[in-house]
Each structure stands twice: as C-alpha cells, then as structure tokens.
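# Close look at the chain arrangement
What follows is the residue order along each chain.
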Amino acid sequence: MADLHDEEPMMEHAFRTVLIDWLRGDAELAGGLNAIVEDGPSPAPAPTLSIAASASADWSTKTTKGREVRLAFELVERHDRLLSAAATAARIEERIATLSPDQDGFRVVATQFLRSRVERRGNGLNAALLEYRFKLLELPTE
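A short tour of the structure in this document, coming up. Here the structure is a predicted model, which is why all the values come from computation and not from measurement.

Moving on: the side chain of arginine 95. The topology assignment puts arginine 95 in helix H3 (residues 82–97). Every residue in contact with arginine 95, bar those within four places of it in the chain, is listed here: Trp22, Leu23, Gly25, Asp26 and Leu29.

This is the structure we're talking about:
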C-alpha cells in the first residue's frame, strides 16, 4: 500500500506550486489581482485568485508513476467588475495553456478545462470557479 508521503502526492504538491508561480509570473494577472495563492480563500481584498479545491488519482503506467490532478480555482471579484472578471478568467485560461509541459521531476502530458460557474455572494462579491484536469507523469531521474 502506498504511503501518503510517496512520490505521487509530492508530484501533485510540486505541480500546484509550479502552476501558482506560473500564474503569478504573468504581469497582467499580477497587476490586476490583489493575491494569487495556492490555498484559498485569500485574506486579501477582491479581486483574488486561489485554489479552492484539489483532488488527485493514480494515473500511472506500467513503467512510470503518474497523477491525474483536478484543480478548482476561485476567482473572487466585486459585482461592479463582471466584465473585468470575464477578461481575467480568459487570461487565466490562456496562461494555464502556455505552461511548459516539462517541469522539474514531472511532465504535464494533458491539460483540460472542465467547466466554470459563477455565483453571487454577499458583500458585493462574485466568485467564479474554474475547474481543470491535468495529467502528470514522473520524469526519470538522471
């Protein structure tokens, strides 16, 4: 039986960190959001982006360890900025699509947008949930 601290959960954690750093590295997103954080919700005032939920499953082959990682990003924005939120969501999707497949220790072999939904919240806020699926394979160590 696999230990919770084996390579697969580490691959998922490393991927989440890489992806958040990649999103933070975009000047347009960094300039338009008050926070881009891995574990949400962010305490910063809106607009913010965070990972609201994460799940993973084994996606190994006979010879290579792998993970299927599902992430739900939460984009929190004020009601009066709905057009801005739509543009930000489109920019997030563009940025995720340009993440390099080859990372330190793993390769992203598939990226798929699954769905989005928007909900109104109190205090003049909206939250958009953007859900993705990623398939990762461990790279052989040299």
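Right, picking up where we left off after that structure.
Looking now at the pairing of strand E5 (residues 106–121). As defined by bridge partners, strand E4 (residues 102–103) adjoins E5 across 2 bridges and the pair is classed as antiparallel. Looking at E5, one finds that aspartate 102 is bridged to arginine 107. Strand direction decides the pairing type here: E5 and strand E6 (residues 125–138), joined by 14 bridges, are antiparallel. Bridge pairing in E6 places arginine 117 opposite leucine 129. Hairpin connection from E5 to E6: 3 residues lie between these consecutive antiparallel strands, with asparagine 123 at a positive phi of about 60°.

A word on the environment of aspartate 104. Mapped onto the fold, aspartate 104 is located in the loop between E4 and E5. Measuring from C-alpha to C-alpha, the distance between aspartate 104 and arginine 78 comes to 37 Å, with 26 residues separating the pair along the chain.

Cut-off values and rules
- Residues numbered from 1 in each chain as written.
- Predicted model: local features only at pLDDT ≥ 70, side-chain atom pairs only at ≥ 80, totals over all residues.
- Heavy atoms only, no water.
- Helix = DSSP H or I, 4+ residues; strand = E, 2+ residues; numbered from the N terminus.
- Contact = heavy atoms within 4.5 Å.
- Pairing = 2+ DSSP bridges.

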